Amino acid sequence: MGFSPAPLGAGDGVKSNEGPVAQGQSGRLITGWFQVRILAGPPTPPPMTTLESRIEAYLRAKLPAASEIVVANLQRIPGGASRETWSFDVTRRENGAAVKEGLIIRRDPDASVLETDRDHEFRVVQAVYGAVPVPRTYWIETDGAALDRPFFVMGRIDGCEANPTRVLMDPRYFPSRERIACEFTDILARIHAIDPASSGLEFLDGPADAGGCGLAEVEKWEAVIDHDSLEPQPVLRGAFRWLRHHLPPPAQRIALVHADYRTGNFLAAPDGEIKGILDWEMAHLGDPMEDVAWACIRPWRWLGNELIGGLMERSEFYRMYEKFSGLKVDEDAVRFWELLGNIKLAAIFITGARSFTDGRTRSPLMAFLGRNVNRLELEIMDLLEAGV
Amino acid sequence: MKPDGITSLRGIQAALADALVPELSSAYAQDAAQTLTMLIESLVAGWDTAAEDLVSGNREVRRLLAEAVAVFSLPAAGNEPAAALVKLCEDAIAVPPVASLRISELTAESESLRAALEKVLVALEDIAAGSADVPAMALRWSIYAHLRGAAGAGWSFWDVASFRERMVRLKSEHKR
C-alpha cells in the first residue's frame, strides 16, 4: 500500500476523492489522497515546453526574414524579485546563414517587491546603451497576448557573474577584485555624467529642482509604506521624520540615478571587466549622492565586514568616485541617503510581504524578505544613534 | 514524545536538503529550495519563544507608553498635540493585556500598542529636531533601546552575510 503524505496543518486534511493529482490555484493543494489548505494565489504557470514554443511563435512574428527558428535551453534565472528573468538560446537561419544568440526575457511577475513599469526600464536601458555597459534591447510587449504578461526582450551577456557570492568568493575572481571595484566606481560616474535631456531620458520622474531631491524620495518611499505596510512601523516612521528634519543640501547636479546600483546588479567577467549593469527599473532623475549611498548600505556589504559592496574601503570608493565624476562626495548628504536607502530596502521587502499576504504571489522569497525587515531596522537605528 | 514543531521543521529542512535539492536540475528551483530552507530557519528561531517574546514586548511597550504619558503631560510639552498624544497613550494602555497566549491575540495587542508607540516616536523626532528636552530625549532613547532589542532578535539570512560582524558586536553588547 502506498503512503500519502499527511496534511501540513492539524485539522486541515480532508479526504479527497480526486486521487493523487496536484493543482495550484484553488486554495487547496491535492497531495496524495489528502487536500492541504494552501494560500490562495495566482494560477500555476504553464509547463516550460509550452513557454518555449510560445517564445518561438513570438520570434517568428518578430523576425519574418528568419527561418528555422528554434528556442532551446530556456531557464528561469534566480533572483530578480521584481521581474521574472528567463534566459534562452535561439538559433535561426537568416540571409542563408545560421545565427545563434542568447536572449533574455524580463516578464512582469504575478506580484513583485516593486510595482514598476517595464516600459520605463526598457526605455532607460535603450537610452544608456553605448554610454555604459548594458544589454542590447530588442522588443517590448505591453500586453499579455504573447506570453500572458507584459515583457521585453534583450540580449544576454555571457561569461559573467552577477551573484555576489560568486563575484566575491569564487577564487577565479580574487585577482580581479581591484579592477571590479574600479570599474564599478567608474561606471557609476559615467551614469551620472549622462545628460538626461540629450539622451531621451526626460520622461523620467525627478524633483523640480536640485534642492528637492531628498524630499521627493522621502515622500515616494513613505507613500509605499503607507500603502503596503501590514503593521505599525515605529522605526521606519521615526526615521522618516528624522529625514524630514535633516534634508540634504541641494544636489550638485540633477543626474540620472540608477537607484539600485550595487554589488549583485552588475555582470563581471573573471578578468574584472564589468560587461553589464542590470535592474534599471527604479531609475529616475535626482541626486547622484543617492546612488553613492545606496552602493554603501550594509546589506550590500556581502562579506559581512565594512568593505563597500564587499569590494573596497569606503574612503577608496569616495576617492575614486570624485576622481571619475568630478563631483565632491558630500558625506552629510551620503549619510542622509544611506539612512533613506535602508528604509527604501525595508519598504521594498514590505511590498513583497504584502503581495504574499494578499495572495498575489506564492513566492516564498516574498515571505522570506518580509521576515528580514528587522535587521534593516537595526541598521537604521544604528545610523540614527550615530547622529547619521 | 512526538516530534515537536522545531524538530518537525528541522525534518523538513533535512528532507529538502537530502531528498529534494539533489533532484533539482534548474538553478531557479535550487534557489527556491534554499529560500525555503532559510524561511524555515527563521521560523525555527522564533518558534519556542514566540508567546514569551510577545508578552514581554507588550509589557515593555506599555511601560514606554506610560512614560510617554508622563513626559507629554509635563508643562514644557503642554500643547494640543501633546494632549492628543497623552490621550492616545492612555487609551492604548487602558486596554487590559490579553489573557490568552494565542499568538494571533498577542500579535493584535502588540500592533495596537506599537501603533501608539509609532505616534510617540514621530512626536519625539519633532522634539529632537527643535530642542534638547531632556525627559523627551531620554524617552526617545528608551524606545529605540526596546526596538533595537526586537530588531536584533531571531534569525536572518543577513546574519551569515552582510550583517555578520554587526551581529557579533550585538551579541557581545548583550553579554555586557
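Residues numbered from 1 in each chain as written. Chains lettered and ligands numbered in written order. Predicted model: local features only at pLDDT ≥ 70, side-chain atom pairs only at ≥ 80, totals over all residues. Heavy atoms only, no water.

S.K.: I tried to follow the overall build of chain A on my own but got confused; where do I start?
M.R.: Of the regular secondary structure elements, chain A holds 11 helices and 12 strands. Burial analysis of chain A (388 residues in total) assigns 55% to the buried set. The contacts of chain A with a sequence gap of at least 6 include a subset with a gap of at least 24, amounting to 66%. When the accessible surface of chain A is split by element, carbon and sulfur atoms take 52% of a total near 16200 Å². (Helix = DSSP H or I, 4+ residues; strand = E, 2+ residues; numbered from the N terminus. Buried < 20%, exposed > 50% of the residue type's maximum accessible area, 1.4 Å probe, protein only. Contact = heavy atoms within 4.5 Å. Areas by Shrake-Rupley, 256 points an atom, 1.4 Å probe, with all protein chains shown as cover.)

S.K.: Hey, could you run me through the overall build of chain B in this one?
M.R.: A count of helical and extended segments in chain B gives 7 helices and 0 strands. Tracing chain B from N to C terminus, the helices and strands come up as α-α-α-α-α-α-α. The C-alpha atoms of chain B give 21 Å as radius of gyration, which overshoots the globular expectation for 176 residues (16 Å, by more than 25%). Within chain B, buried positions represent 37% of all 176 residues. Look at the contacts in chain B between residues 6 or more apart in sequence, and 66% of them connect residues 24 or more apart. Split by element, the accessible area of chain B, about 9600 Å² in all, is 62% carbon and sulfur. (Rg over C-alpha atoms; globule rule 2.2 N^0.38 Å.)

S.K.: Would you take a moment to explain the packing of aromatic side chains for this structure?
M.R.: How two aromatic rings sit relative to each other is given by the distance of their centres and the angle of their planes. Per the counting criterion, the structure on display carries 16 aromatic pairs over all chains. Ring centres of Y58 of chain A and F151 of chain A lie 5.1 Å apart, and the angle between their planes is 70 degrees; on these two criteria the pair is classed as edge-to-face. Of the two residues, Y58 of chain A is situated in helix α1 (residues 48-62) and F151 of chain A in strand β8 (residues 151-155); the sequence distance between them amounts to 93 residues. Residue Y58 of chain A is classed as buried on the basis of its relative accessible area of 8%. Of the aromatic side chains, those joined through ring pairs into one cluster are F184, Y261, F266, F317 and Y318 of chain A. If you follow K344 of chain A out to its NZ or CZ, it ends over the ring of W294 of chain A, 4.3 Å from the centre. A cation over an aromatic ring shows up here: R140 of chain B above the ring of W141 of chain B, its NZ or CZ 4.7 Å from the ring centre. (Phe/Tyr/Trp six-rings, centres within 6.5 Å; stacked < 30°, edge-to-face > 60°. Lys NZ or Arg CZ within 6 Å of the ring centre and 35° of its normal.)

S.K.: I keep staring at helix α3 (residues 50-73) of chain B and nothing clicks. Help me out?
M.R.: Note: α-helices contain 3.6 residues per turn, so residues at a spacing of three or four share the same orientation. All names here are of chain B. Between its first and last C-alpha, α3 extends 34 Å over 24 residues, near the 34 Å set by a 1.5 Å rise per residue. Within α3 the residues assigned to the buried category are L54, G57, N58, V61, R62, L64, L65, A68, V69, V71 and F72. In this structure, the buried residues of α3 make contact with α4 (80-94), α5 (103-130) and α6 (134-151). (Expected span 1.5 Å × (residues − 1).)

S.K.: Which parts of the structure should I look at to understand the nonpolar core?
M.R.: Grouped burial of nonpolar side chains is what soluble globular proteins tend to show. Counting 120 residues, the largest nonpolar core has W280 and F317 of chain A together with F72 and V120 of chain B as its most contacted members. Counting residues per element, this core draws most heavily on helix α9 (residues 331-357) of chain A, which supplies 14 residues. For V120 of chain B, the contacting residues outside a window of four places in its chain are L65, A68, F72, L85, C89, L139 and I143 of chain B. The next biggest cluster of nonpolar side chains, apart from the first, holds 18 residues, and it includes I69, V71, W139 and F151 of chain A. (Core = buried A, V, L, I, M, F, W, Y, C linked by side-chain atoms within 4.5 Å.)

S.K.: What is the right way to read the side chain of D133 of chain B from this model?
M.R.: Residue and element names in this part refer to chain B. Mapping D133 onto the fold places it in the loop between α5 and α6. The side chain of D133 is buried and forms no salt bridge, while R140, the nearest opposite charge, is found at 11 Å. In terms of polar contacts, D133 uses its side chain to reach the backbone amide nitrogen of A136, at 3.1 Å. (Lys, Arg positive; Asp, Glu negative; His and termini not counted. Salt bridge = Lys/Arg side-chain N within 4 Å of Asp/Glu carboxyl O. Polar contact = N/O pair within 3.5 Å; in protein donor to acceptor, adjacent residues only side chain to side chain.)

S.K.: Honestly, the environment of M289 of chain A in this entry has me stumped. Any pointers?
M.R.: Residue and element names in this part refer to chain A. With respect to the helices, strands and loops of the structure, M289 is situated in helix α7 (residues 288-296). Separated by 31 residues in sequence, M289 and H258 have C-alpha atoms that sit 11 Å apart. The residues touching M289, leaving out its near neighbours within four places in the chain, are Q252, Y321, K328, V329, D330, A333, V334 and W337.

S.K.: How do you make sense of a negative patch on the surface when you look at a structure like this?
M.R.: Among the surface-exposed residues, D4, D48, E52 and D53 of chain B lie close enough to one another that they form a single negatively charged patch. Tracing the backbone shows D53 of chain B in helix α3. (Patch = residues over 30% accessible without salt bridge, like charges linked within 9 Å, V, L, I, M, F, W, Y side chains within 5 Å. Charge placed at Lys NZ, Arg CZ, Asp CG, Glu CD.)

S.K.: I would appreciate a short explanation of the sheet that holds strand β4 (residues 66-76) of chain A in the present structure.
M.R.: In sheet architecture, strand pairing relies on hydrogen bonds along the backbone and comes in two forms, parallel and antiparallel. All names here are of chain A. Reading across from one edge, β4-β5-β6-β8-β7 is the order of the 5 strands in this open sheet, with antiparallel pairing throughout. In this open sheet, the two edge strands, each paired with only one partner strand, are β4 and β7 (137-141). Here the average twist between neighbouring strands, direction ignored, is 25 degrees. In the packing of helix α2 (residues 118-128) onto the sheet, the strands contacted are β6 (97-107), β7 and β8, and the crossing angle to β7 comes to about 160 degrees. (Pairing = 2+ DSSP bridges. Axes fitted to C-alpha atoms, helices over the stretch in contact; angles between N-to-C directions.)

S.K.: Which parts of the structure should I look at to understand unusual backbone geometry?
M.R.: Apart from glycine, the bulk of residues carry a negative phi angle, and the bulk of peptide bonds sit in the trans form. Residue and element names in this part refer to chain A. In the Ramachandran plot, E68 falls in the positive-phi region, its phi being about 55 degrees despite a non-glycine side chain. Its identity is not glycine, yet N73 carries a phi of approximately 55 degrees, on the positive side. Its location among the elements puts N73 in strand β4.

S.K.: For this particular structure, what's the right way to read the packing of helix α6 (residues 234-245) of chain A against α5 of chain B?
M.R.: The geometry of a pair of packed helices is captured by two quantities: the angle between their axes and the separation between those axes. Where α6 of chain A contacts α5 of chain B, the two axes come as close as 8 Å, and the packing angle between them is 20 degrees. Taken together, the axes of α6 of chain A and α5 of chain B are roughly parallel relative to one another. Taken as a pair, α6 of chain A and α5 of chain B cross one another with a handedness that is right-handed. Contacts from P234, R237, G238, R241, W242 and H245 of chain A of α6 of chain A reach α5 of chain B at R114, E118, L121, V122, E125, D126 and A129 of chain B. When the residues that make up the contact of α6 of chain A with α5 of chain B are grouped by side-chain class, the tally is 5 nonpolar, 2 polar and 6 charged. (Parallel < 35°, antiparallel > 145°, perpendicular 65-115°, else oblique. Left-handed = near helix turned anticlockwise from the far one by under 90°. Nonpolar A, V, L, I, M, F, W, Y, C, P; charged D, E, K, R; others polar.)

S.K.: What is the right way to read the state of the cysteines from this model?
M.R.: A disulfide bridge is the covalent bond that connects two cysteines by way of their sulfur atoms. Residues and elements named next belong to chain A. Evaluation of the coordinates by the stated rule reveals 0 disulfides over all chains. There is no disulfide at C160, and the cysteine sulfur nearest it, in C182, is 17 Å away. Given the relative accessible area of 16%, C160 is considered buried. As a non-bridged cysteine, C296 has C182 as the owner of its nearest cysteine sulfur, 16 Å distant. (Disulfide = S-S within 2.5 Å.)

S.K.: Would you take a moment to explain the interface of chain A and chain B for this structure?
M.R.: It is common to report an interface's size as the accessible area lost on association of the parts. Contacts between the two partners involve 43 residues from chain A, matched on the other side by 42 residues from chain B. Of the roughly 3900 Å² buried where chain A meets chain B, counting both sides, 63% is carbon and sulfur surface. The largest contributions to the chain A side of the interface with chain B come from P234, F368 and R375 of chain A, which together make up 19% of the buried area. In this structure, the connection of chain A to chain B is made through 20 residue pairs in polar contact (both at pLDDT 80 or more). If you list the elements that add at least two residues to the side of chain A that touches chain B, you get α6, α9, α10 (364-370) and α11 (373-385) of chain A. Here the side of chain A that touches chain B gets 10 residues from one element, more than from any other, and that element is α11 of chain A. Of the residues in the side of chain A that touches chain B, the class split is 22 nonpolar, 8 polar and 13 charged. (Buried area = accessible area lost by both parts, 1.4 Å probe.)

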